[in-house]
Amino acid sequence: ERRMLPRPPCAHTLKGHSGVVSAVAVHPVFTVAVSGSEDGTIKVWDHESGEYVRTLKGHTNTVHSLSFTPTGSHLASSSS
């Protein structure tokens, strides 16, 4: 059974940021979730398997928000 939105109980613990997670977004089509952190990075995860996919770098400060476009073709992020 494919679950688009994670529901309790917790299936996976996604570890990898060196700072506090400050933003999360779930892809509208695929089983992808992204997390932004105080460490200035964005981590990409497969939320169904719990696997880490990659790290997106570019911010020098805390990532405050993350959002996919409605089709999921682009990801926007903001930082201070």
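Just so you know, these numbers come straight off a predicted model, no measurement behind them.

Draft legend 1. Geometry of the overall build of the protein chain. Per the secondary structure count, the protein chain includes zero helices and six strands. Along the chain direction, N to C, the helices and strands of the protein chain fall in the order β-β-β-β-β-β. For 80 residues, the compact-globule estimate of 2.2 N^0.38 gives 12 Å, and the C-alpha radius of gyration of the protein chain, at 12 Å, lies within 12% of that figure. Along the first, second and third principal axes, the C-alpha set of the protein chain runs to 40 × 25 × 20 Å.

Draft legend 2. Focus on the nonpolar core. Judged by nonpolar contacts, Ala23, Ala25, Val34, Ile42, Val44, Val63, Leu66 and Phe68 together constitute the single largest core of eight residues. Those elements that place two or more of their residues in this core are β1 (21-26), β3 (42-46) and β5 (63-68). At three residues, β5 tops the list of elements feeding residues into this core. Apart from the residues within four sequence positions on either side, Ala23 is in contact with Val34, Ser35, Gly36, Val63, His64, Ser65 and Leu66.

Draft legend 3. Looking closely at the sheet that holds strand β4 (residues 51-56). Strand order in this open sheet of four strands is β1-β2-β3-β4, and the pairing throughout is antiparallel. Sheet topology places β1 and β4 at the edges, where each strand pairs with a single neighbour. Sheet twist, expressed as the average angle between the axes of neighbouring strands with direction ignored, equals 25 degrees.

Draft legend 4. Representation of the packing of aromatic side chains in the model. Scanning all chains against the criterion turns up one aromatic pair. For the pair Trp45 and Tyr52, a centre-to-centre distance of 5.7 Å together with 70 degrees between the ring planes defines the contact as edge-to-face. Taking the relative accessible area as the measure of exposure, Trp45 reaches 3% and is therefore buried. On the accessibility criterion, Tyr52 (44% relative accessible area) is partly exposed.

Draft legend 5. Looking closely at a nonpolar patch on the surface. There is a patch of nonpolar side chains on the surface, built from Val21, Val24 and Val26 and spanning about 230 Å² of accessible area. Turning to its location among the elements, Val24 is positioned in strand β1.

Draft legend 6. Representation of the pairing of strand β6 (residues 75-79). The pairing of β5 with β6 spans five bridges and is classified as antiparallel. Across the sheet, Ser67 pairs through a bridge with Ala76, a residue of β6. Hairpin remark: β5 followed by β6, antiparallel, with six residues in the connecting loop; positive phi at Gly72, about 80 degrees.

Calculation notes
Residues numbered from 1 in each chain as written. Predicted model: local features only at pLDDT ≥ 70, side-chain atom pairs only at ≥ 80, totals over all residues. Heavy atoms only, no water. Helix = DSSP H or I, 4+ residues; strand = E, 2+ residues; numbered from the N terminus. Rg over C-alpha atoms; globule rule 2.2 N^0.38 Å. Core = buried A, V, L, I, M, F, W, Y, C linked by side-chain atoms within 4.5 Å. Buried < 20%, exposed > 50% of the residue type's maximum accessible area, 1.4 Å probe, protein only. Contact = heavy atoms within 4.5 Å. Pairing = 2+ DSSP bridges. Axes fitted to C-alpha atoms, helices over the stretch in contact; angles between N-to-C directions. Phe/Tyr/Trp six-rings, centres within 6.5 Å; stacked < 30°, edge-to-face > 60°. Patch = residues over 30% accessible without salt bridge, like charges linked within 9 Å, V, L, I, M, F, W, Y side chains within 5 Å. Areas by Shrake-Rupley, 256 points an atom, 1.4 Å probe, with all protein chains shown as cover. Salt bridge = Lys/Arg side-chain N within 4 Å of Asp/Glu carboxyl O.

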